Amino acid sequence: MNAPETALANTLAAAQATPAATAPARPMPHVLNTYGRLPIALSHGQGCWVWDTQGKRYLDGLGGIAVNTLGHNHPQLVPALQHQLTQLIHCSNYYEIPLQEQLAKKLCEISGLAGAFFCNSGLEANEAALKIARKYGHDKGIEKPEVIVYEKAFHGRSIATLSATGNPKVQAGFGPLVEGFVRVPLNDLAAVEAVAQNNPNVVAVFLETIQGEGGVNPARWEYLQGLRRLCDAQGWLLMLDEVQCGIGRTGKWFAHQWAGIQPDVMPLAKGLGSGVPIGAVVCGPRALNVLGPGNHGTTFGGNPLAMRAGVETLRICEEEGLLANAATVGLLLREGLQRELGHLSGVKEIRGAGLMIGIELDRPCGVLLGRAAEAGLLLSVTADKVIRIVPPLILTAEEAAQIVVILAPLVQAFLAETA
Ligand SMILES: *Cc1c(COP(=O)(O)O)cnc(C)c1O
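Residues numbered from 1 in each chain as written. Predicted model: local features only at pLDDT ≥ 70, side-chain atom pairs only at ≥ 80, totals over all residues. Heavy atoms only, no water.

Explain the UniProt feature "modified residue: N6-(pyridoxal phosphate)lysine" (unreviewed entry) in the protein chain residue by residue, including any values.
What UniProt calls "modified residue: N6-(pyridoxal phosphate)lysine" (unreviewed entry) maps, in this numbering, to Lys270. By secondary structure assignment, the location of Lys270 is in the loop between strand 11 (265-268) and strand 12 (279-283). Owing to a relative accessible area of 22%, Lys270 belongs among the partly exposed residues under this scheme. If we skip the residues at most four places from it in the chain, Lys270 touches Ile65, Ala66, Val67, Val243 and Gln244. (UniProt positions renumbered as here; feature names shortened; annotations may be inferred. Helix = DSSP H or I, 4+ residues; strand = E, 2+ residues; numbered from the N terminus. Buried < 20%, exposed > 50% of the residue type's maximum accessible area, 1.4 Å probe, protein only. Contact = heavy atoms within 4.5 Å.)

In structure tokens form, the structure reads like this:
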């Protein structure tokens, strides 16, 4: 569980501990109890704003967790999707799907990579990446291929991706974990070099360019450049999980582009469809032909509706200059937060890139999720102590200023009362 889930789960656990007669019925009683939820039901949105069923308005600093790239009810995306609904929602990968080729070509253009596989979510993209890594190893005669993964990493909640994840809370209760992972700390090249020295079974390095759930922890540019060199020297695949930090969020299409390097394998999902479920694995030359017919597949993956959402998202990002917007408005937002909060002793660091911002406090702050919502702001708290802001890329300077105006007093009050 990430931090807001944990905080809410604690609240719910406390509620459940009260005598049955007085305990309120759990909302949504027919849905499995896997999320701690706020008692808010959102009904519709416009741009960076959403409304709940009571008519209360919220500024969306969360974007459905870095998903709603174009905000809500985008005037170009919605008609395009409506048109697609009238044409074809789904067929099957038994047939050619021209929109797949169109989206794959565009992803190759903006990444400099060579080909894409489509699926439906982040964990599926990472599963495909891990299968590519293992097959790449087997093709080289390595019978027990291993993948280097990271402390605090998050790659999803399937058995393989939770095994790759570096968070004991995500793994607890789901053993036995998948084997074949070696874990290292982030931004410590010597640790990876040490693995290279004594482990001939390694086939790939797998990390988030900027860790999201782990607390908005960027891999340093020199570190990424060092990994690229090491992977080339060792014949390893460099696999960069850009499920959260990709698709323009940091001000470039992909966060690793700030370091001037290219990965061999890049899983994508969240922001790629502006809310329509989609995942992709984009591959460079070294990984391009590892999988062949029969090695991998998915029923829904690459369906025309999702592909159209991807094509339109990338087109609109380009047309509306949303990468530049993410960079400039993100900087304004970070500066505003730094100005209002940076000097407080309970604030350890304000970090991130573009519109992926983390405010690390010195204490658990999951309670701020609910308080921010009460004050009309959606955001998340991850890794217990990190307030995370990942709004739509259409956020304006005025909206960024409003985020600061709402959030700063909440954090100040919280720090004062828990001092
Ligand atoms: C959200 C996330 C995932 C998992 O994506 P799902 O669509 O929830 O399966 C994987 N990797 C990263 C970096 C993520 O942020």
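That covers the picture; the talk isn't over yet.
Give me the lowdown on the environment of Glu222, citing residues and values where you can.
Relative to the helices and strands, Glu222 is located in helix 9 (residues 221-234). We classify Glu222 as partly exposed; its relative accessible area is 49%. C-alpha of Glu222 to C-alpha of Asn187: the two residues are 35 residues apart in sequence and 8.8 Å apart in space.

Give me the lowdown on the pattern of salt bridges, citing residues and values where you can.
Counted under the stated rule, the structure contains 19 salt bridges. Among the salt bridges present, the one from Arg220 reaches Glu222, with a minimum N-O distance of 3.8 Å. Here Arg220 falls in the partly exposed class, since its relative accessible area comes to 44%. When the shortest N-O distance is used, the salt bridge between Arg315 and Glu319 registers 2.7 Å. (Salt bridge = Lys/Arg side-chain N within 4 Å of Asp/Glu carboxyl O.)

A description of the packing of helix 3 (residues 77-87) against helix 11 (residues 304-319) should follow, citing residues and the corresponding values.
For the pair helix 3 and helix 11, interaxial distance at closest approach is 10 Å and the crossing angle is 155°. Comparing their axes, helix 11 and helix 3 come out roughly antiparallel. Both helix 3 and helix 11 take part in a crossing whose hand is right-handed. Residues Leu77, Ala80, Leu81, His83, Gln84 and Leu85 of helix 3 lie in contact with helix 11, whose contacting residues are Pro304, Leu305, Arg308, Ala309, Glu312, Thr313 and Ile316. Its residues placed into classes, the contact of helix 3 with helix 11 shows eight nonpolar, three polar and two charged. (Axes fitted to C-alpha atoms, helices over the stretch in contact; angles between N-to-C directions. Parallel < 35°, antiparallel > 145°, perpendicular 65-115°, else oblique. Left-handed = near helix turned anticlockwise from the far one by under 90°. Nonpolar A, V, L, I, M, F, W, Y, C, P; charged D, E, K, R; others polar.)

Lay out unusual backbone geometry with the relevant residues and their values.
Residue Pro176 is bonded to the preceding Gly175 through a cis peptide linkage, with omega at 0°. Structurally, Pro176 is set in the loop between helix 7 (168-171) and strand 6 (181-184). Even without a glycine there, the phi angle at Ala66 is positive, about 60°. The residue Ala66 is located in helix 2 (residues 63-66) in this model.

Explain the site of the ligand to me, using residue names and the numbers behind them.
Near the ligand the following residues occur: Ser121, Gly122, Leu123, Asn126, Phe154, His155, Glu208, Asp241, Val243, Gln244 and Lys270. The separation between an oxygen atom of the ligand and a polar main-chain atom of Leu123 is 2.8 Å. Note that an oxygen atom of the ligand is positioned 2.7 Å from one of the side-chain N or O atoms of Gln244. For the ligand, whose free accessible area comes to 380 Å², the fraction covered by protein is 82%. Ranked by residues supplied to the shell around the ligand, first place goes to helix 5 (residues 122-139) with three residues. (Near = heavy atom within 4 Å. Polar contact = N/O pair within 3.5 Å; in protein donor to acceptor, adjacent residues only side chain to side chain. Areas by Shrake-Rupley, 256 points an atom, 1.4 Å probe, with all protein chains shown as cover.)

Provide a residue-level description of the UniProt feature "binding site: pyridoxal 5'-phosphate" (unreviewed entry) in the protein chain, including the pertinent values.
Taken from the UniProt record, the annotation "binding site: pyridoxal 5'-phosphate" (unreviewed entry) applies to Phe154, Asp241, Glu242, Val243, Gln244 and Thr299. A maximum C-alpha distance of 25.1 Å shows the annotated residues, which cover 146 residues in sequence, to be distributed over more than one spot. Within the secondary structure, Phe154 is located in the loop between strand 5 (146-150) and helix 6 (159-164). Judged by relative accessible area, which is 19%, Phe154 ranks as buried. Discounting chain neighbours no more than four positions away, the residues touching Phe154 are Thr165, Val170, Glu208, Glu213 and Asp241. When you line up the elements, Gln244 lands in the loop between strand 10 (237-241) and strand 11. Look at Gln244 and you get buried, because its relative accessible area is 7%.

Before we move on, can you summarise the layout of surface pockets with the specific residues and values?
Empty space within the second largest pocket amounts to approximately 380 Å³. For the second largest pocket, the lining is made up of 17 residues, of which Asn93, Gln100, Ala116, Phe117 and Phe118 are closest to its centre. For the lining of the second largest pocket, the secondary-structure elements that each account for two or more residues are helix 4 (98-111) and strand 4 (115-119). Taken together, the residues that form the lining of the second largest pocket break down as eight nonpolar, eight polar and one charged. (1 Å grid on protein atoms, 1.4 Å probe; cavity = no way out; pocket = protein on both sides within 12 Å on 5 of 7 lines; lining within 4 Å. Points joined across faces, edges and corners; volume = space filled by probe spheres on them.)

Can you break down the sheet that holds strand 3 (residues 57-60) residue by residue, with the values?
Taking strand neighbours across the sheet as the criterion, the four strands line up as 1-2-3-15 in an open arrangement whose pairing is mixed. The two strands at the open ends of the sheet, each matched to only one other strand, are strand 1 (42-46) and strand 15 (377-378). Sheet topology note: the strand 1/strand 2 (residues 49-52) ladder contains four bridges and is antiparallel. From the neighbouring strand, Leu42 faces strand 2, where its bridge partner is Asp52. (Pairing = 2+ DSSP bridges.)

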